[in-house]
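Working through the structure, step by step
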Amino acid sequence: ERLLLGQHSAGLVVYNTRTGTYTLHKGLLGRNDSVTFNATYRLIKDYRGRVWAGTAYYGLAQYLPATGGEIIYRYDPYNPASYGGHRVSALFEDRDHNIWVGTGGYGVYRFHPDRIPLRHFPPFPIP
């Protein structure tokens, strides 16, 4: 009975289909101090039921419906397999259950949530 919505001005919103009410997410993905923080461009649910959110400020995040929490994937200079793409413009899960993440200017990332390493395909250089 819950539907997740990604919105530009409100971030991650939960819609209750039974009552017809909206609830703003209480975590980082629902911050409302600026439009940049709130922008949630893409949402997908993977084969294991994990919900992935593509955002403007936090980049890639995993929403945890059972607890209402989230995991933000950030760049770690000491971990070459960390996510460094920032703003997410596209999310897709292929038939091998890889998650493909298209970014605004940082190329494409491919990873499998249950395996490492993450693979980065840099953007094509424009002459």
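The preceding data block contains the structure.
Here is what the cut-offs are and how they apply
Residues numbered from 1 in each chain as written. Predicted model: local features only at pLDDT ≥ 70, side-chain atom pairs only at ≥ 80, totals over all residues. Heavy atoms only, no water. Helix = DSSP H or I, 4+ residues; strand = E, 2+ residues; numbered from the N terminus. Contact = heavy atoms within 4.5 Å. Pairing = 2+ DSSP bridges. Axes fitted to C-alpha atoms, helices over the stretch in contact; angles between N-to-C directions. Buried < 20%, exposed > 50% of the residue type's maximum accessible area, 1.4 Å probe, protein only. Polar contact = N/O pair within 3.5 Å; in protein donor to acceptor, adjacent residues only side chain to side chain.

A few words on the environment of Leu 3. Looking at the element boundaries, Leu 3 is found in strand E1 (residues 2–7). Each residue touching Leu 3, except ones within four places of it in the same chain, is listed here: Val 13, Val 14, Tyr 15 and Thr 17.

So, about the sheet that holds E1. An order of E1-E2-E3 is seen for the 3 strands of this open sheet, with the pairing classed as antiparallel. At either margin of the open sheet sits one strand with a lone partner, and together these are E1 and strand E3 (21–24). Shown here is a sheet whose adjacent strand axes are inclined to one another by a mean of 30°, direction ignored. Note: strand E2 (residues 11–16) against E3, 4 bridges, orientation antiparallel. Pairing of Val 14 across the sheet is with Thr 23, part of E3.

Moving on, we get to the pairing of strand E5 (residues 51–55). Across the 5 residues that make up E5, a large majority, 5, are buried. Of the two faces of E5, the one holding Val 51, Ala 53 and Thr 55 and the one holding Trp 52 and Gly 54 are both buried throughout. Two successive antiparallel strands, strand E4 (residues 40–45) and E5, enclose a turn made up of 5 residues, where Gly 49 displays a positive phi of approximately 90°. In this sheet, strand E6 (residues 60–64) lies alongside E5 in antiparallel orientation, the contact comprising 4 bridges. The residue bridging Gly 54 from the neighbouring strand is Leu 60, located in E6. Count of turn residues in the E5/E6 antiparallel hairpin: 4 residues, of which Gly 59 carries a positive phi of about 75°.

Turning to the sheet that holds E6, a few remarks are in order. The sheet built from 4 strands is open, its strands ordered E4-E5-E6-E7 with antiparallel pairing. Edge positions in the sheet fall to E4 and strand E7 (69–73), since each of these pairs with one other strand and no more. Pairs of neighbouring strands in the sheet enclose a mean axial angle of 25°, with direction left out of account.

Within the secondary structure, Thr 103 is located in strand E9 (residues 99–103). Accessibility expressed as a relative area gives 12% for Thr 103, which makes it buried. For Thr 103, the side chain forms a polar contact with the main-chain nitrogen of Tyr 106, separated by 3.0 Å. One polar contact links the side chain of Thr 103 to the main-chain carbonyl oxygen of Gly 107, over a distance of 2.6 Å. The contact partners of Thr 103, leaving out residues within four places of it in the chain, are Tyr 83, Gly 85, Arg 87, Val 88, Ser 89 and Tyr 109.

The quantities given are spatial measurements derived from coordinates; they are silent on function.
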